[in-house]
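So the chains spell out like this:
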Amino acid sequence: MSLSPAHRVRVAGGALALLLVTVLGFSVSGPGPGTDGSSAPSSPSGTWSFDDGAVPWPEEGQTAVALEGSGPVGTRGDRSPVPIASLAKVMTAHVILQEHPLRPGEEGPLIEVDRQAAHEAGVGGESKVPLRAGSRHSQRRLLQMLLIPSGNNVARLLARWDAGSQEAFAAKMRRAADRLGMDRSTYTGASGIEPTTTSTAADQLVLARTVMKHPVFREIVATRTVTVPGVGPLTNTNPLLDVPGVVGIKTGSSTPAGGNLLWACEVRLGGEPRLLVGAVLHQRADTTPGEGLRAAVDSSRRLIAGLRDQLPRAGTEG
């Protein structure tokens, strides 16, 4: 089958099978089966077209973006797995919520802080939350501490609570990735501090689209600040929440990973609400975590603005 003059990007199966031709622009077809195994809803208006040349794609790393209900918008950059740092915590939260479901408003079981998690609170060189051995926090509170300030010690505590050890939990993370079709992702720990935890923008986009369907996860990652009794105020590491419409989801940065950012932004298209979801990976790798994260945030800001400018002008076919 030959490409049309519009150089159409098509979705096959549940994967992001992307055919890019660099001349004028590209079109986006409706989605295939959903990542949870069910059939994804079809786009009510058919095919959305975007001017690829007008989209400010990041010049480095790799990027994947999707408009819910209208299929993938596109991908850019290398498709090789790269370290993802604290983006691993998104999978940690996904596994915890799969194994221990929470409904909106529920706190879940109380979980006792062990000596290891309390000791790790004083370890330098990684993000953590000050926890006291013997104190108890609800599952929901620990998910807040995992996702808002990005506590590495909290990630490992949740892993031990769920699976007995971080190694056993990492095996669960890998199985969850397999079920989602994330075949270019490898999880070796719950926090992401290990550079052996790697993935791609396309795989992380699949995960982001999945977890943003969970109301508890979605509420937590949209929270800018929260005060936890016995711990104190916690601030979200995601500065992109200052952008109007952005509702999450997670930052991740380290020297080998560079800056990584998963984000979700509410937009309206034809009077209907849509969720624009993106993954920007490997920005300014091998510099400093701060420089990498700033680059990921700046690249994401420009990308969101550029895509928003395209949405009101998006045409339909069919």
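Residues numbered from 1 in each chain as written. Predicted model: local features only at pLDDT ≥ 70, side-chain atom pairs only at ≥ 80, totals over all residues. Heavy atoms only, no water.

Engineer: How would you sum up the pattern of salt bridges? Please name residues and give values.
Structural biologist: Taken as a whole and assessed by the stated rule, the structure comprises 12 salt bridges. Linking Arg 209 and Glu 68 is a salt bridge whose minimum nitrogen-to-oxygen distance equals 3.0 Å. With Arg 209 in helix 6 (residues 201–211) and Glu 68 in the loop between strand 4 (62–67) and strand 5 (72–77), the pair connects residues that are 141 residues apart, well separated along the chain. One exposure class covers both Arg 209 and Glu 68, and it is buried. Ionic pairing is found between Arg 284 and Glu 291, a salt bridge with its closest N-O pair at 2.6 Å. Glu 291 sits in the partly exposed class, given a relative accessible area of 28%. (Salt bridge = Lys/Arg side-chain N within 4 Å of Asp/Glu carboxyl O. Helix = DSSP H or I, 4+ residues; strand = E, 2+ residues; numbered from the N terminus. Buried < 20%, exposed > 50% of the residue type's maximum accessible area, 1.4 Å probe, protein only.)

Engineer: Give me unusual backbone geometry: which residues, what numbers.
Structural biologist: For residues besides glycine, phi is generally negative; the peptide bonds are generally trans as well. Cis geometry marks the peptide bond from Gly 248 to Ile 249; its omega dihedral reads 15°. Examined against the element boundaries, Ile 249 turns out to sit in strand 12 (residues 246–254). Even without a glycine there, the phi angle at Ala 85 is positive, about 50°. Mapped onto the elements, Ala 85 comes out in the loop between strand 6 (82–83) and helix 1 (88–99). Using a relative accessible area of 4% as the deciding quantity, one classes Ala 85 as buried.

Engineer: So, the environment of Arg 218: which residues are in play, and what are the values?
Structural biologist: Counting through the fold element by element, Arg 218 comes out in helix 7 (residues 215–221). Exposure remark for Arg 218: the relative accessible area of 27% places this residue in the partly exposed category. Considered as a pair, Arg 218 and Gly 248 are 30 residues apart in the sequence and their alpha carbons are 7.4 Å apart.

Engineer: Describe the packing of helix 1 against helix 3 (residues 139–147), with residues and values.
Structural biologist: Remark: helix 1 packs on helix 3, axes separated minimally by 10 Å, with the N-to-C direction vectors making an angle of 165°. Here helix 1 is positioned roughly antiparallel relative to helix 3, judged by the angle of their axes. Relative to helix 3, the crossing made by helix 1 is left-handed. Residues Lys 89, Thr 92, Ala 93, Ile 96 and Leu 97 of helix 1 lie in contact with helix 3, whose contacting residues are Gln 139, Leu 143, Leu 146 and Leu 147. (Axes fitted to C-alpha atoms, helices over the stretch in contact; angles between N-to-C directions. Parallel < 35°, antiparallel > 145°, perpendicular 65-115°, else oblique. Left-handed = near helix turned anticlockwise from the far one by under 90°. Contact = heavy atoms within 4.5 Å.)

Engineer: Describe the environment of Gly 306, with residues and values.
Structural biologist: Relative to the assigned elements, Gly 306 resides in helix 8 (residues 289–310). Along the sequence, Gly 306 and Pro 56 sit 250 residues apart, while their C-alpha atoms lie 6.0 Å from each other.

Engineer: Would you mind going over helix 3 in detail, with residue names and values included?
Structural biologist: Owing to its 3.6 residues per turn, the α-helix aligns residues three or four sequence positions apart on the same side. Counting buried positions along helix 3 gives eight out of nine residues, so the element sits mostly inside the fold. Buried residues of helix 3: Gln 139, Arg 140, Leu 142, Leu 143, Gln 144, Met 145, Leu 146 and Leu 147, and no others.

Engineer: Account for helix 5 (residues 166–179), with residues named and values stated.
Structural biologist: Along its 14 residues, helix 5 runs 20 Å from first to last C-alpha, staying within 8% of the 20 Å computed at 1.5 Å per residue. Among the residues of helix 5, Gln 166, Phe 169, Ala 170, Ala 171, Lys 172, Met 173, Ala 176 and Ala 177 are the ones counted as buried. Residues of helix 5 that are buried in the fold lie against helix 1 and helix 4 (152–163). One or two residues past the end of helix 5 sits Gly 181, with phi positive at roughly 80°. (Expected span 1.5 Å × (residues − 1).)

Engineer: Give a detailed account of the nonpolar core, specifying residues and quantitative values.
Structural biologist: Within the largest apolar cluster, 61 residues are counted, with the highest numbers of intra-cluster contacts made by Met 91, Leu 131, Leu 143, Met 145, Tyr 187, Phe 217 and Ile 249. By residue number, the principal contributor to this core is helix 1, which donates seven residues. Not counting residues within four places of it along the chain, the set of residues in contact with Phe 217 comprises Val 90, Ala 93, Leu 97, Leu 147, Val 211, Met 212 and Ile 249. Of all hydrophobic cores here, the second largest spans 22 residues; its members include Leu 67, Val 246, Leu 276 and Leu 303. (Core = buried A, V, L, I, M, F, W, Y, C linked by side-chain atoms within 4.5 Å.)

Engineer: Tell me what's going on with the pairing of strand 4, and back it up with residues and numbers.
Structural biologist: When you tally the buried positions in strand 4, you get six out of six residues, the bulk of the element. Side chains Gln 62, Ala 64 and Ala 66 of strand 4 all project onto a buried face; the interleaved residues Thr 63, Val 65 and Leu 67 project onto the opposite face, where all are buried too. Here strand 4 pairs with strand 14 (residues 272–283) via six bridges, running antiparallel. By the bridge assignment for strand 14, Gln 62 is matched with Leu 281. (Pairing = 2+ DSSP bridges.)

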